[in-house]
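Residue-level structure breakdown
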Amino acid sequence: MSVPEYTETPLDEIDLTYDRLNATFHSFKTLPIEYRLYNLKQLAFLIQDNIEAIYAALHKDLSKEPLDIDVGDVWPILNEIELAVRRLPEWMADEKATRDSVLAFKLSRPHVRRQPKGVSLIIGAWNYPFQLTLSPLVGAISAGCPAIIKCSEHSPASAALIAELLPRYLDPEAYAVVNGAIPQSTALLKKRWGHILYTGNGAVGKIVATAAAKTLTPSTLELGGKSPTIVASDANITMIARRMMSIKQLNIGQMCADPSLDEFYPKGSERSLIGKHGQAAAFRNAGDYDRIEGIIDEAQKGGKLIYRGEEDKPNRRMGISLVRLNKDGAGETGILVEDEIWGPVLPIIPVDDVDAAIEYVNARPTPLALYVCSAFRSTFEHVINRTLSGSAIWNDFSFAPVVRTLPFGGVGESGWGSYHGENGFLAFSHRKAVLEMPGWMEIAQKSRYPNNYVEGTHKRMKMVMTAPLGFSRPVSVEHERRALERRRNRRTFYLGVLLVLVGAAAGLGGRRIASFLGGLKAKLGL
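Conventions adopted
- Residues numbered from 1 in each chain as written.
- Predicted model: local features only at pLDDT ≥ 70, side-chain atom pairs only at ≥ 80, totals over all residues.
- Heavy atoms only, no water.
- UniProt positions renumbered as here; feature names shortened; annotations may be inferred.
- 1 Å grid on protein atoms, 1.4 Å probe; cavity = no way out; pocket = protein on both sides within 12 Å on 5 of 7 lines; lining within 4 Å.
- Helix = DSSP H or I, 4+ residues; strand = E, 2+ residues; numbered from the N terminus.
- Buried < 20%, exposed > 50% of the residue type's maximum accessible area, 1.4 Å probe, protein only.
- Pairing = 2+ DSSP bridges.
- Contact = heavy atoms within 4.5 Å.
- Axes fitted to C-alpha atoms, helices over the stretch in contact; angles between N-to-C directions.
- Right-handed = clockwise from strand over helix to strand, strands pointing away.
- Parallel < 35°, antiparallel > 145°, perpendicular 65-115°, else oblique.
- Nonpolar A, V, L, I, M, F, W, Y, C, P; charged D, E, K, R; others polar.
- Salt bridge = Lys/Arg side-chain N within 4 Å of Asp/Glu carboxyl O.
- Points joined across faces, edges and corners; volume = space filled by probe spheres on them.
- Patch = residues over 30% accessible without salt bridge, like charges linked within 9 Å, V, L, I, M, F, W, Y side chains within 5 Å.
- Areas by Shrake-Rupley, 256 points an atom, 1.4 Å probe, with all protein chains shown as cover.

Some points on the UniProt feature "active site" (unreviewed entry) in the protein chain
Listed under "active site" (unreviewed entry) in the UniProt record, and renumbered for this structure, are Glu222 and Cys256. The subset of these annotated residues that lines the largest pocket comprises Glu222 and Cys256. Along the chain, Glu222 falls in strand β7 (residues 219–222). Looking at Glu222, the relative accessible area reads 1%, which means it is buried.

Structure, rendered in structure tokens:
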């Protein structure tokens, strides 16, 4: 099929659509698992049946080629759907909460019921217009929530195609698309929703959060921001350069988890970050191209440009440029250090060591992603234990958002909440606490009534309604550390005993066994 023309949704139609979806939700039509599975499977075939049209729409919007589209927009959605279809019975099952309940409630079947929050709003972004609308939709369908998708007006061909296809494959009484710009978004945000999931920049994120607060609507905000990379002096620079450039050229850096650099390295190794790379995608418009070109020109005037990427202005394509900033970022201001660049420019900030890089990261807004490049896992662990970020990757970049078993989301300035896989199901679900107190339990309830108080009632109630403290008064933090260490050593010793018994059964001599046990006991300080 050809790509349909983009048209904005009339404002008066939004009210009708909203009312229709609410009526569907309150009819309980979306609750049964078979309904959810049907629409999930239909969504998969929406993509498979129309893959050529999806290629055409994304090429028209962003000059993307099929491989780029599959990696960024198609395969992640299909992976999400496959997982949801396979795991949905488990996700919908009640969560038992008996194990750690106090004695009084053991027989009351404490459990958690996962229920849909209600009609939800998904506001997508233009850089991955299919993934950033349909992946959240997988979570909404799985949870039993009807949903309205607000597509970005900055990827009009993709938005028009989604609006054309969705009602043909999914239940139009439960799932709908609204296209348009600020008036349509404003009209949608005035309404009360079960949940709002927004992907975009922080400025609009604050508008969404403010609107949600007015109706006390829970929300998930994926806001992006800077995603710093710390490259240690022991890192394999050639490998890291290849991996970074392969990611940096995807959508020419127009992604929320795009890497930037805080680096400490041997002198002169900036040049070794330059690798051979091709470029498929293009800027969405000439204005975006001119903005990035202006950043590069400014860096060149300041003597900070160390490599200028290829430029193809008529086709809005650009290679990757490297900019070396001041040590520790001292005195630096502007987009290269303060905000998402949204283009193929890689700023490099030299620092003395890992701890200096950590200090730099912690002094700035909390990132959506953090990348650590080092030959040693211990360096990676050192960094991620001392920094806060939405995700962290060792020796690679930007893959966390497409790993369906990991939560994708930010923290602090990079957003809140997460989705993907079961986390997407949970984002659109309310976890209702459920307790059952049937009539036959009345015989055990008599002592709670005032006219049945007798001597010993308080003591008996305390026995069943409280959990006794299973620990003594703490002495010090160091004492707690030693206690944990002794506990670990005891487990290791018991494992050694088990191995000895196995060895004895296998015919090892008693002297060798005694020697082994003695040495293990001495080593563990037991």
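Comments concerning the sheet that holds β7
Pairing is mixed across the open sheet formed by six strands, whose spatial order is β5-β4-β3-β6-β7-β17. Among the strands making up the open sheet, the edge pair consists of β5 (175–178) and β17 (415–416). Examined bridge by bridge, strand β3 (residues 120–123) and strand β4 (residues 147–150) share four bridges and lie parallel to one another. Residue pairing across strands places Leu121 opposite Ile148, the latter belonging to β4. Across the face of the sheet, helix α6 (residues 156–169) comes into contact with β4 and β5 while running at roughly 160° to β5. Contacts between helix α8 (residues 202–214) and the sheet are confined to β3, β6 (195–199), β7 and β17, with β6 contributing the most and set at about 175° to the helix.

Side note on unusual backbone geometry
The phi dihedral of Leu216 is positive, around 55°, even though this residue is not glycine. Along the chain, Leu216 turns up in the loop between α8 and β7. For Leu216, a relative accessible area of 76% corresponds to the exposed category.

Considering the pairing of strand β16 (residues 391–394)
In β16, alternate side chains face the same way, and those of Ser391 and Ile393 are buried while those of Ala392 and Trp394 on the opposite face are not. In this structure, strand β15 (residues 369–373) lies alongside β16, joined through four bridges in parallel fashion. Within the sheet, the bridge partner assigned to Val372 lies in β16 and is Trp394. Taken together, β15, helix α13 (residues 377–384) and β16 form a β-α-β motif whose crossover is right-handed.

Observations concerning the packing of helix α4 (residues 66–92) against helix α5 (residues 131–143)
One way to put it is that α4 packs onto α5 with a least axis distance of 9 Å and a crossing angle of 5°. Judged on the interaxial angle alone, α5 and α4 are roughly parallel. Each of Gly72, Asp73, Pro76, Ile77, Glu80, Ile81, Ala84, Leu88 and Trp91 in α4 lies in contact with α5, whose residues at this interface are Gln131, Leu134, Ser135, Val138 and Ser142. Among the residues making up the contact of α4 with α5, the classes are represented as eight nonpolar, four polar and two charged.

Let's talk about the pattern of salt bridges
What the rule picks out here adds up to 23 salt bridges. A salt bridge links Arg87 to Glu90, with the nearest nitrogen and oxygen atoms 2.8 Å apart. Taken together, the positions of Arg87 and Glu90, both in helix α4 and three residues apart, correspond to about one turn of that helix. Arg87 sits in the partly exposed class, given a relative accessible area of 31%. Taking the relative accessible area as the measure of exposure, Glu90 reaches 47% and is therefore partly exposed. Here Lys304 ties to Glu332 by a salt bridge, and the two come within 2.8 Å at their closest N and O atoms. Remark: Glu332 occurs in the loop between β13 (321–324) and α11 (335–338) and Lys304 occurs in the loop between α10 (286–301) and β10 (305–307); sequence separation between them is 28 residues. For Glu332, a relative accessible area of 15% corresponds to the buried category.

Things to note about the layout of surface pockets
There is about 840 Å³ of room inside the largest pocket. His154, Tyr198, Gly200, Asn201 and Val204 are, among the 37 residues lining the largest pocket, the residues nearest its centre. Contributions of two or more residues to the lining of the largest pocket are made by α7 (182–189), β6, α8 and α10. Ranked by the residues each element gives to the lining of the largest pocket, the list is headed by α8, at five residues. Here the residues of the lining of the largest pocket are counted per class, giving 17 nonpolar, twelve polar and eight charged. Computed from the structure, the second largest pocket encloses a volume of approximately 570 Å³. Along the walls of the second largest pocket sit 32 residues, with Gly225, Lys226, Glu338, Pro365 and Glu413 positioned nearest its centre. Residue assignment for the lining of the second largest pocket shows that the elements contributing at least two residues are α8, β9 (259–263), α11, β14 (345–350), α12 (354–362) and β17.

What about a nonpolar patch on the surface?
Side chains of Leu103, Met463, Val464 and Met465 sit close together on the surface and give an oily, nonpolar patch of about 390 Å² of accessible area. With respect to the helices and strands, Met465 occurs in helix α16 (residues 457–465).

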